[in-house]
Amino acid sequence: MLVKLSGGTVYDPKHGIDGEVRDLYFRDGRMIAPPAESPDREYDVRGKVVMAGGIDIHTHIGGGKVNLSRTLLPEDHRDHPELSEEGRRSGSGHVTPSTFLTGYRYSEMGYTTCFEPALLPSNARHAHMELGDTPMVDKGGYALLGNDDFLLGMLANGEDQARINDYVAWTLNAARCVAIKVVNPGGINAFKFNGRKLDVDEQGPHYGVTPRNILARLTRALHDLGVPHPLHVHSSNLGVPGNVASTLDTIRAAEGLPIHLTHVQFHSYGTEGSRGFSSAAAEIAEAVNDNPNVSVDVGQIMFGQTVTASGDFMRQHAQHSHAHPNKWVGMDIECDAGCGVVPFQYRDENFVNALQWAIGLEIFLQVADPWRVFLTTDHPNGGPFTSYPHLIKLLMDRSFRNDNLEQLHSDVADHSNLKAMTREYSLYEVAILTRAGPAQILGLSDRGHLGEGAAADIAVYDHKSDPEEMFARPSLVFKDGEPVIEDGRLVQVRWGGTHAVEPEYDAGIENRLSDYFERYHTVRLENFKIGADELAGPQRPGILPVATARGRQE
């Protein structure tokens, strides 16, 4: 079917289109050039804002820690039920909604793609099944490495980079992932040997490997393999006052190769002032501005109840005394990694929480290049993803931002430069933060834009003076060219695919891995690997290949 969107105000940063009134056409799920024939269906979107579908680069929506969070907080589901409606299943939950509600709520904000950023290879099959049960959006996962015994053993033995590359490529293929993430490099392994912290240049207690070595070898591997997304790094010492030093050391450890620092707000703390806790947002932003190989997502905190769920078992153990309500849980999988789940309530009258809120916004406003900073709350760790429209308003409206600042703990304004910052994000920049930028850094050539050949993932918003109201409920959303939201209501359920890379590797690595699995794992190597057919199904498109760029080796 040929469809035309007539007269919308288009924001498409990949093609430099900044609020131009245009007609858009798509057929069979793909954007096309203006055709000669008349459309089969036409939508009048004059006066409305048209963008590509939103892409969330970092949101915990599937896998063991998410299910643990749901189990740990039954009250969240008891208090937030949603009944089934025609064409829509029931569900529950606010901070960790059930799978169907997760898909519905993303679609109702105009998002069409989401990435689970901490997928433990040992648990990949479960995580993919859960992501496969999340409708309305395409998905993808980042495989966790950097605390697993196999890699740390290779590093301790000084194995050459080519073998490291083979293992990284094998992992991406076996777990069907699009990127590699490292959480507290080496720190979770150190925790197993009673380590309670591990700085970037500190040797782990068992393997004697430093986080710097882990970061350098993994960034090099992804560069050599041509994986588009850089190493996705949850740095050392999350949440610790003074951790800005670790974060800057992490940037240096990449040795100029691409690196992505995730939820960087939690890693931007100084120790100045009588409370020993201060903002280091300016130093982090300056480092990002000075190093074009560095990108960040912010992990903005939003006030209210949430739950923190992280593979950083070391830091979750350290923070569990702050749990609200007072309960927490930790889990180990195959002794390779695990997670900690700690409920938490961010309070605006609390100095630390209020300053965290300000630090996140300071980073957004001080990183000059919007293509290298991405809008996230590290859902659910900083707050639920449904708070994105409110966050966008904070970025676009200075007076609203300062009004909120005045409501916080009285000392925060004296410890933050936020009030003096005049920057207000434009709609064009919001389109970069939430669409074009994530697509570019993930190598999604046919997502995040509205050019010819792109997937017809489109969000149409009523133009309103209040950005929060505008982005909370688009009037139209198309997924692969099919209308899924009309007048703000879900009208059709669609099933997305799974973005994944398939870098080449020397199959000889499997001989070593097979022996390792026989000795240490509860499953054999052949059962560990996920088949492409496992991710496909009726009306489910399966794997959406993301191209790699071999030949980057220097």
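Residue numbering note: each chain is counted from 1, following its sequence as written. Restriction of local features to residues with pLDDT of at least 70 applies here, the model being predicted, together with a cutoff of 80 or more for giving and counting side-chain atom pairs; totals for whole chains, interfaces and linings are based on all residues. Only hydrogens and water are removed before side-chain values are computed, so all heavy atoms of the structure are retained for them.

The chain is annotated in an unreviewed UniProt entry as Formylmethanofuran dehydrogenase subunit A of Thiohalorhabdus methylotrophus.

1. Re helix 4 (residues 124-132)
Only protein chains enter the calculation, and the probe is 1.4 Å; a residue is then buried if its accessible area is under 20% of its type maximum, exposed if over 50%, and partly exposed in between. For helices the rule is a DSSP run of H or I covering at least 4 residues; for strands it is a run of E covering at least 2, with both sets numbered from the N terminus onward. Here helix 4 has its buried residues at Ala-124, Ala-127, His-128, Glu-130 and Leu-131. One side of helix 4 holds all its buried residues, which, seen down the axis, span an arc of 160°. The arc in question is the one traced by the directions running from the helix axis out to the C-beta atoms.

2. A closer look at unusual backbone geometry
Note the cis peptide between His-324 and Pro-325, where omega equals -5°. Put simply, His-379 and Pro-380 share a cis peptide bond, and its omega is 0°. Within the secondary structure, Pro-380 sits in the loop between strand 20 (373-374) and helix 13 (388-396). Positive phi is not limited to glycine here, since Asn-194 has a value of about 70°. Structurally, Asn-194 can be placed in the loop between helix 7 (187-192) and helix 8 (211-225). With a phi close to 55°, Asp-378 is a non-glycine residue in the positive phi region.

3. So, the layout of surface pockets
One simple way to see leftover space: roll a probe sized like a water molecule over the atoms. A cavity here means a set of 1 Å grid points, computed over protein atoms only, where a 1.4 Å probe fits but cannot escape. A pocket is an open set with protein on both sides within 12 Å along at least 5 of 7 lines, and lining residues have an atom within 4 Å of a point. Grid points are joined across faces, edges and corners, and a volume is the space filled by probe spheres set on the points. Of the voids in this model, the largest pocket is the one considered here, and its volume is about 560 Å³. Looking at the largest pocket, it is lined by 30 residues, and the ones nearest its centre are Leu-238, Gly-239, Phe-266, Gln-319 and Gln-356. Mapped onto the lining of the largest pocket, the elements with two or more residues apiece are strand 11 (179-183), strand 17 (304-310), helix 11 (313-319), strand 19 (337-346) and helix 12 (351-366). Three categories are distinguished: nonpolar for Ala, Val, Leu, Ile, Met, Phe, Trp, Tyr, Cys and Pro, charged for Asp, Glu, Lys and Arg, and polar for the others, with Gly belonging to the last. When its residues are assigned to classes, the lining of the largest pocket shows 12 nonpolar, 14 polar and 4 charged. In this model, the second largest pocket occupies a volume close to 300 Å³. For the second largest pocket, the lining is made up of 19 residues, of which Pro-228, Pro-230, Pro-258, Asn-293 and Ile-441 are closest to its centre. Within the residue set of the lining of the second largest pocket, elements represented by two or more residues are helix 8, strand 16 (294-297) and helix 15 (427-442). Top contributing element to the lining of the second largest pocket by residue count: helix 8, with 3 residues.

4. A word on a negative patch on the surface
Without a salt bridge and with relative accessible area above 30%, a residue can belong to a patch; like charges are then joined within 9 Å and nonpolar side chains (Val, Leu, Ile, Met, Phe, Trp, Tyr) within 5 Å. Only the protein chains shown count as cover for residues, and the accessible areas themselves come from Shrake-Rupley with a 1.4 Å probe. Salt bridge, as used here: a side-chain nitrogen of Lys or Arg that lies within 4 Å of a carboxyl oxygen of Asp or Glu. Under this rule, positive means Lys or Arg and negative means Asp or Glu; His and the chain ends count for nothing. A single reference atom marks each charge: NZ on Lys, CZ on Arg, CG on Asp, CD on Glu. Among the surface-exposed residues, Glu-272, Glu-283, Glu-286 and Asp-290 lie close enough to one another that they form a single negatively charged patch. Tracing the backbone through its elements, the reader meets Glu-283 in helix 10 (residues 281-290). For Glu-283, a relative accessible area of 41% corresponds to the partly exposed category.

5. Examining the packing of helix 12 against helix 13
Fitted lines through C-alpha atoms serve as axes, helices being fitted only where they are in contact, and the angles separating the N-to-C directions of these axes extend from 0 to 180 degrees. In contact at an axis separation of 11 Å, helix 12 and helix 13 are set at 60° when each is read in the N-to-C sense. Looking at the two axes, helix 12 sits oblique to helix 13. Relative to helix 13, helix 12 is oriented so that their crossing is right-handed. Contacts from Trp-357, Leu-361 and Phe-364 of helix 12 reach helix 13 at Leu-391, Leu-394 and Leu-395. Of the residues in the contact of helix 12 with helix 13, the class split is 6 nonpolar, no polar and no charged. An angle below 35 degrees is treated as roughly parallel, one above 145 as roughly antiparallel, one from 65 to 115 as roughly perpendicular, and anything else as oblique. If you view the pair so one helix is near and one far, a crossing is left-handed when the near helix is turned anticlockwise from the far one by less than a right angle, and right-handed when it is turned clockwise. By definition in these notes, contact holds between two residues if any of their heavy atoms fall within 4.5 Å.

6. Description of helix 13
Within helix 13, 8 of the 9 residues are buried, which leaves it mostly tucked inside the rest of the structure. Every buried residue belonging to helix 13 is among Tyr-388, Pro-389, Leu-391, Ile-392, Lys-393, Leu-394, Leu-395 and Met-396, and all of these are buried.

7. What to know about empty space enclosed by the protein
Applying the stated criterion to the full structure yields 6 cavities of 30 Å³ or more. Roughly 220 Å³ of volume is contained in the largest cavity. Forming the boundary of the largest cavity are 23 residues, of which Pro-121, Leu-144, Leu-145, Asp-148 and Asp-336 lie nearest the centre. Elements supplying a minimum of two residues to the lining of the largest cavity: helix 6 (161-175), strand 11 and helix 17 (509-520). Tallied by class, residues from the lining of the largest cavity come to 15 nonpolar, 5 polar and 3 charged. Taken as a whole, the second largest cavity holds about 120 Å³ of empty space.

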